[in-house]
Amino acid sequence: MHYQYSGKQSPRTLAWHETLELHELVAFSSIGLMKLKKGLKKIECPTLKAIYHQTIKELEANLKELLQFYPLAPREDEEERNFDKAFYAGDLLAFSKTAVRNYAVAITETATPELRVVLAKQLQMAIMSHARIFNYMYERGFYPSYNLQQLLKNDVNLANRAISM
């Protein structure tokens, strides 16, 4: 599928900020796709199994569509990584990011002061958890957050692996 830029001149590359958002979407979707495919074997209900199959099919299509934009991202040299450790670490990182967001939203909806104190404490723990897993991933090269080219290559490898499972 080819996408037409609506401006006067087609861009030669993606902007940095949209490249990073694309990275977040591809990494999160790839991990989700892998989890769905692994969990599919345990689903016995035919209706739920059909929903899983449809969701898997849609995620695969989404990833293939998003990967078409990777050639437009700024590029440098690239390396390989350990998929198993990176997969589980990435899953935990995605979970911790979601936990931070969920706690932050819950606090804004809380009227009871005692509950707000508990949620604020748990938000701080979720932030520390995110830092721990991010540092683990960064130190091992699983999340090269300062190397955009490696980050994007990791996304492509993860998405392709998820699609081919």
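Residues numbered from 1 in each chain as written. Predicted model: local features only at pLDDT ≥ 70, side-chain atom pairs only at ≥ 80, totals over all residues. Heavy atoms only, no water.

What about the packing of aromatic side chains?
Next, step 1: If you walk through the whole model with that rule in mind, you get four aromatic pairs.
Next, step 2: Note on Phe134 and Tyr138: the rings are 5.8 Å apart at their centroids and 15 degrees apart in plane angle, and the pair reads as stacked. A residue pair is termed a helical-turn pair when its members lie 3 or 4 positions apart in one helix, as Phe134 and Tyr138 do in helix H4 (residues 113–139) at four residues.
Next, step 3: For Tyr138, a relative accessible area of 37% gives the class partly exposed.
Next, step 4: With centroids separated by 6.2 Å and ring planes inclined at 55 degrees, the aromatic side chains of Tyr136 and Phe142 adopt a geometry described as tilted.
Next, step 5: The exposure class of Tyr136 is partly exposed, given its relative accessible area of 28%.
Next, step 6: According to the relative accessible area criterion, Phe142 is buried, its value standing at 8%. (Phe/Tyr/Trp six-rings, centres within 6.5 Å; stacked < 30°, edge-to-face > 60°. Helix = DSSP H or I, 4+ residues; strand = E, 2+ residues; numbered from the N terminus. Buried < 20%, exposed > 50% of the residue type's maximum accessible area, 1.4 Å probe, protein only.)

With respect to the nonpolar core
Next, step 1: Val26, Leu33, Leu63, Leu67, Tyr70 and Met137 are the most contacted members of the largest nonpolar core, which has 29 residues in total.
Next, step 2: Counting only elements with at least two residues in this core, the list comes to helix H1 (16–39), helix H2 (46–67), helix H3 (83–108), H4 and helix H5 (148–164).
Next, step 3: Residue contributions to this core peak at seven residues, all from H5.
Next, step 4: In contact with Leu67, other than residues within four places in its own chain, are Val26, Val156, Ala159, Asn160 and Ile163. (Core = buried A, V, L, I, M, F, W, Y, C linked by side-chain atoms within 4.5 Å. Contact = heavy atoms within 4.5 Å.)

So, the packing of H1 against H2
Next, step 1: Orientation of H1 relative to H2, taken along the N-to-C sense of each, is 150 degrees, at an axis distance of 10 Å. The angle between H1 and H2 falls in the class roughly antiparallel. Two packed elements cross with a definite hand, and for H1 against H2 that hand is left-handed. On the side of H1, the interface is formed by Leu22, Leu25, Val26, Ser29, Ser30, Gly32, Leu33, Leu36, Lys37 and Gly39, while H2 contributes Tyr52, Thr55, Ile56, Leu59, Glu60, Leu63, Leu66 and Leu67. (Axes fitted to C-alpha atoms, helices over the stretch in contact; angles between N-to-C directions. Parallel < 35°, antiparallel > 145°, perpendicular 65-115°, else oblique. Left-handed = near helix turned anticlockwise from the far one by under 90°.)

Brief notes about the layout of surface pockets
Next, step 1: One number sums up the size of the largest pocket: a volume of about 380 Å³.
Next, step 2: Lining of the largest pocket is provided by 21 residues; of these, His23, Glu24, Ala27, Phe28 and Lys97 occupy positions nearest its centre.
Next, step 3: Those elements giving two or more residues to the lining of the largest pocket turn out to be H1, H3 and H5.
Next, step 4: When residues of the lining of the largest pocket are assigned to their parent elements, the largest contribution, seven residues, is made by H3. (1 Å grid on protein atoms, 1.4 Å probe; cavity = no way out; pocket = protein on both sides within 12 Å on 5 of 7 lines; lining within 4 Å. Points joined across faces, edges and corners; volume = space filled by probe spheres on them.)

A closer look at the pattern of salt bridges
Next, step 1: The tally for this structure, following the rule as stated, stands at four salt bridges.
Next, step 2: A salt bridge links Glu60 to Lys37; the nearest nitrogen and oxygen atoms lie 2.6 Å apart. Residue Glu60 is found in helix H2, and its partner Lys37 is found in helix H1; the two are separated by 23 residues along the sequence. In this pair, the class of Glu60 matches that of Lys37, namely buried.
Next, step 3: The salt bridge partner of Glu139 is Arg140, with a shortest N-O separation of 3.8 Å. (Salt bridge = Lys/Arg side-chain N within 4 Å of Asp/Glu carboxyl O.)

Focus: H2
Next, step 1: For H2, with 22 residues, the first-to-last C-alpha span of 31 Å sits near the 32 Å given by 1.5 Å per residue.
Next, step 2: Listing the buried residues of H2 in full gives Ile56, Leu59, Glu60, Leu63 and Leu67. Seen along its axis, H2 keeps its buried residues to an arc of 100 degrees; they face one direction. Exposed residues lying more than 90 degrees from the buried face of H2 are Pro46, Thr47 and Lys57.
Next, step 3: Buried residues along H2 sit in contact with H1 and H5. (Expected span 1.5 Å × (residues − 1). Arc of directions from axis to C-beta.)

Things to note about the environment of Ala86
Next, step 1: Looking at where Ala86 falls in the secondary structure, it is placed in helix H3.
Next, step 2: Through-space distance from the C-alpha of Ala86 to that of Asn154 is 9.6 Å; in sequence the pair is 68 residues apart.

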